[in-house]
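Residue-level structure breakdown
Given next are the chains, with one letter for each unit.
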Amino acid sequence: MSIRLAVLYGGRSGEHEVSRRSAASILAHLDRDAYRVTRVLVERDGRWQVDGVPVTLSAALRVLTAQDVVFPAMHGPYGEDGNVQSMLDWLGVPYVGNGVFASAAGMDKAVTKKLLGAEGLRVTTGVTLRDGEYLSQAEQQRLGLPVFVKPARAGSSLGVSRVDQWWQLPAALRLAREADPKVLVERAVPGREIDVGVLQYPDGRVEAGPPLEIGVPPSAAFFDHAAKYDGGAVFQIPAPLDAATTRLLQDRALRAFHALGCRGLLRVDFFLPADDLSGNDLADGGSAEPVVNEVNTFPGFTDASQYPRIWARAGIAFPRLLDILIDGARNAAAAR
């Protein structure tokens, strides 16, 4: 008998179109002999559709309740931040991915840094500014230049700016606060950008995939929204690293997964410093301790996205990756 599966996507965040792209790839790779698929779309204005037909909220909730499992392919606020997960828990429907706490904590970069720092992981040095707050002279001196300014609770590099001169800071803060009144100002970390995907199997086993290195085109100041989604970035999988550094990155990714209480999947984005600027002891035979930049509790799921490509390189094709996540969601629900 086929499994009743709803793919939930869209939403009211600035990542609505990114969610649509992820959902389109998921729908294209699902085994239609194994799954009876229902498409549930949340429009930008909060209205709902089921398989292309507008419905009321109560009708949409009845559809979701009737599923064996829901695949929330949603990014950003109102979807990746624990809100949808809380709704699905309330409905009593198994769903793919992280629960309420991990989703909420992973969405808030300031909270993520506190939790991972308490775990002993190295995180970027920064200052959290709430609405109306500004960076003091002492904080400017402590951070130095350049810095990155980013919304605390947004993804896809929306609202992120690099500041090379302090006169650029007010405009960067205004841009970030268009997405979130809570903003992070972080010291730039010179070095390589490495992503590590973490996957939990249906039997509970958790593995980290081969590290992926991001190459940013010369036209981009950093791995910004355009570089992510306009095809400018180059991914190298596996990243050209020695075995000790690969093990180190994978270990830190697994520690982040467990520290946040994750379930199903996580992508951890690191900076690998050229040298150890903090004075920490070098680990594993001379590898600089990686710096966790941020985490993504539901990373992009297009064919071009880092997370599916990491697992494809590990030998897990896109359809199989979806099966693992769906089976894991059903097993986790049955065990509760």
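Residues numbered from 1 in each chain as written. Predicted model: local features only at pLDDT ≥ 70, side-chain atom pairs only at ≥ 80, totals over all residues. Heavy atoms only, no water.

**Side note on the nonpolar core**
Of all hydrophobic cores here, the largest spans 36 residues; its most connected members are Val-7, Ile-26, Leu-30, Phe-71, Leu-199 and Phe-301. If you list the elements that add at least two residues to this core, you get β1 (3-10), α1 (16-29), β2 (35-42), β5 (69-73), β12 (212-215), α10 (306-313) and α11 (318-335). The dominant element in this core, judged by the number of residues it contributes, is α11, at seven residues. Non-local contacts of Phe-71, meaning those with residues more than four positions away in its chain, are made with Leu-5, Ala-6, Val-7, Leu-8, Ile-26, Val-96, Phe-298, Leu-322, Leu-325 and Ile-326. Of all hydrophobic cores here, the second largest spans 23 residues; its members include Ala-102, Leu-121, Phe-270 and Leu-272. (Core = buried A, V, L, I, M, F, W, Y, C linked by side-chain atoms within 4.5 Å. Buried < 20%, exposed > 50% of the residue type's maximum accessible area, 1.4 Å probe, protein only. Helix = DSSP H or I, 4+ residues; strand = E, 2+ residues; numbered from the N terminus. Contact = heavy atoms within 4.5 Å.)

**Some details on the confidence of the model for the chain**
Looking at the chain, the pLDDT average stands at 92 and 91% of residues meet or exceed 70. Ignoring residues within four places in sequence, the model shows residues 277-285, a span with pLDDT below 50, making 13 contacts including any to other chains. (pLDDT = per-residue confidence, 0-100.)

**Some details on helix α4 (residues 100-107)**
Three or four residues apart is the spacing at which side chains of an α-helix point the same way, because the helix has 3.6 residues per turn. Residues of α4 that are buried: Ala-102, Ser-103, Ala-105, Gly-106 and Met-107. In this structure, the buried residues of α4 make contact with α3 (83-91), α5 (109-118) and β15 (291-296).

**Here we look at the sheet that holds strand β3 (residues 48-50)**
Neighbouring strands of a sheet are bound in pairs by backbone hydrogen bonds; such pairs are parallel or else antiparallel. With mixed pairing, the five strands of this open sheet are ordered in space as β4-β3-β2-β1-β5. In this open sheet, the two edge strands, each paired with only one partner strand, are β4 (53-55) and β5. For this sheet the average axis-to-axis angle between neighbouring strands, irrespective of direction, equals 30°. With three bridges joining them, β2 and β3 adopt antiparallel strand pairing. When the bridges of β3 are listed, Val-40 appears paired with Val-50. (Pairing = 2+ DSSP bridges. Axes fitted to C-alpha atoms, helices over the stretch in contact; angles between N-to-C directions.)

**Side note on the packing of aromatic side chains**
Under the counting rule described, the total for this entry stands at six aromatic pairs. Measuring from ring centre to ring centre gives 5.9 Å for Phe-301 and Phe-318, while their planes differ by 65°; the resulting arrangement is edge-to-face. Here Phe-318 lies in helix α11 and Phe-301 lies in the loop between β15 and α10, a separation of 17 residues in the sequence. Above the ring of Tyr-201, the side-chain terminus of Arg-205 is found at 4.0 Å from the ring centroid. We note Arg-263 situated over the ring of Tyr-95; from NZ or CZ to the ring centre the distance is 5.0 Å. (Phe/Tyr/Trp six-rings, centres within 6.5 Å; stacked < 30°, edge-to-face > 60°. Lys NZ or Arg CZ within 6 Å of the ring centre and 35° of its normal.)

**Re the packing of helix α2 (residues 57-65) against α3**
Taken N-terminus to C-terminus, the directions of α2 and α3 make an angle of 70°; their axes are 10 Å apart at the nearest point. One element, α2, and the other, α3, form an angle in the roughly perpendicular class. Crossing handedness for the pair α2 and α3: right-handed. Of the residues in α3, those in contact with Leu-61, Leu-64 and Thr-65 of α2 are Met-87, Leu-88 and Leu-91. (Parallel < 35°, antiparallel > 145°, perpendicular 65-115°, else oblique. Left-handed = near helix turned anticlockwise from the far one by under 90°.)

**What about the pairing of β2?**
Most of β2 sits inside the fold, with six of its eight residues counted as buried. In this region the chain leaves β1, passes through α1 and returns to the parallel neighbour β2; the handedness of that crossover is right-handed. Here β2 folds back onto β3 in antiparallel fashion, the turn holding five residues, of which Gly-46 has a positive phi close to 95°. (Right-handed = clockwise from strand over helix to strand, strands pointing away.)

**Notes on unusual backbone geometry**
Here the bond from Leu-145 into Pro-146 is cis, since omega is 0°, no more than 30 degrees from zero. Within the chain, Tyr-78 stands out as a residue other than glycine whose phi angle is a positive 70°. When you line up the elements, Tyr-78 lands in the loop between β5 and α3.

**Quick word on the environment of Gln-85**
For Gln-85, the location among the structural elements is in helix α3. For the pair Gln-85 and Ala-66, spaced 19 residues apart in sequence, the C-alpha separation works out to 16 Å. Apart from residues no more than four positions distant in its own chain, Gln-85 is found in contact with Gly-79, Glu-80, Tyr-95, Asn-98, Gly-99, Val-100 and Ser-103. A distance of 3.0 Å separates a polar side-chain atom of Gln-85 from the backbone nitrogen of Gly-82. (Polar contact = N/O pair within 3.5 Å; in protein donor to acceptor, adjacent residues only side chain to side chain.)

**Describing the environment of Pro-181**
Here Pro-181 is to be found in the loop between α7 (169-177) and β9 (183-187). Spatially, the C-alpha atom of Pro-181 lies 9.0 Å from that of Arg-153, the residues being 28 residues apart in sequence. Residues in contact with Pro-181, not counting those within four places in the same chain, are Leu-129, Arg-130, Asp-131 and Arg-153.

**A few points about the sheet that holds strand β6 (residues 126-129)**
With respect to topology, four strands assemble into an open sheet ordered β6-β9-β7-β8, the strand pairing being antiparallel. Edge strands, defined here as strands with exactly one partner in the open sheet, are β6 and β8 (161-163). Between one strand axis and the next, the sheet turns through 20° on average, direction left out of account. Bridging between strand β7 (residues 147-151) and β9 involves five bridges; their strand directions are antiparallel. Looking at β9, one finds that Pro-151 is bridged to Val-183.

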